[in-house]
Amino acid sequence: HGWSAVGIFRGKSDINHGTLWRSAYQLGATFIFTVQPRHTGGLTPGPADTLNAWQRLPCFRYDSFEQLLGSQPEDCVVVGVEMGGEPMETFRHPPRAIYLLGAEDDGLPQHILDRCHFHVALPTVREPSMNVAAVGTTLLYDRLLKRLLLDPYPHSPVAVKQGRSLANATASRLKERAFAESKRSNLQ
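Owing to the predicted nature of the structure, the values given are computational and were not obtained by experimental measurement.

Parameters and conventions
- Residues numbered from 1 in each chain as written.
- Predicted model: local features only at pLDDT ≥ 70, side-chain atom pairs only at ≥ 80, totals over all residues.
- Heavy atoms only, no water.
- Phe/Tyr/Trp six-rings, centres within 6.5 Å; stacked < 30°, edge-to-face > 60°.
- Buried < 20%, exposed > 50% of the residue type's maximum accessible area, 1.4 Å probe, protein only.
- Helix = DSSP H or I, 4+ residues; strand = E, 2+ residues; numbered from the N terminus.
- Pairing = 2+ DSSP bridges.
- Axes fitted to C-alpha atoms, helices over the stretch in contact; angles between N-to-C directions.
- Contact = heavy atoms within 4.5 Å.

Caption draft 1: Up close: the packing of aromatic side chains. Evaluation of the coordinates by the stated rule reveals 5 aromatic pairs. For the pair Phe-31 and Phe-33, a centre-to-centre distance of 6.4 Å together with 55° between the ring planes defines the contact as tilted. Take Phe-31 and Phe-33: they sit in the same class, and that class is buried. Measuring from ring centre to ring centre gives 5.2 Å for Phe-31 and Phe-60, while their planes differ by 85°; the resulting arrangement is edge-to-face. Placement of Phe-31 in strand β2 (residues 31-35) and of Phe-60 in strand β3 (residues 59-62) is noted, with a sequence separation of 29 residues between them.

Caption draft 2: The sheet that holds strand β1 (residues 3-9), seen in detail. Spatially, 6 strands are ordered β3-β2-β1-β5-β4-β6 in an open sheet, and the strand pairing comes out parallel. Only two strands of the sheet have a single partner each, and these edge strands are β3 and β6 (118-121). Averaged over all neighbouring strand pairs, the angle between strand axes comes to 30°, with direction disregarded. Summarising the sheet, β2 and β3 pair through 4 bridges and their orientation is parallel. Pairing of Val-35 across the sheet is with Tyr-62, part of β3. Where helix α1 (residues 14-26) meets the sheet, its contacts fall on β1, β2, β3 and β5 (96-102), and the angle it forms with β1 comes to roughly 175°.

Next up, the structure:
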């Protein structure tokens, strides 16, 4: 049914690397990666990974963006995640995607964004910049939520009909659950 991977370009914080690793494990990513990391942790998750996700989810290190592109799996797209892109709430996640996040201080350079298949951003209310691990976690949650509601497994009883919006699908399910709960409690 597809897969995803997430990583940081020139990440500089061990804590963000470990937090993203843990979140990626929790939210169903297939692997994580680093491209030209500046943090000292290398391929270790550090103290932020309290679940020992490193034992269950692989992390790959790439020395350059070109090396990442050269090793990307067949029929997979690279999604650049950086300020100024398509708002995440309207983005339809590809079945097979590598999500590349910009570093905490430098973001993704324009020459890298130009080579990505898609460019998405997490809209904010106040400041445009957010913590890279928080953005990666939110992105993976958005992917999981949209997969469950808009494109579930074919045998899933919660499949959303083609063309139905996320808000309508969610509201409909909430009404169905409330009705079922009311029916159960009133018939007992």
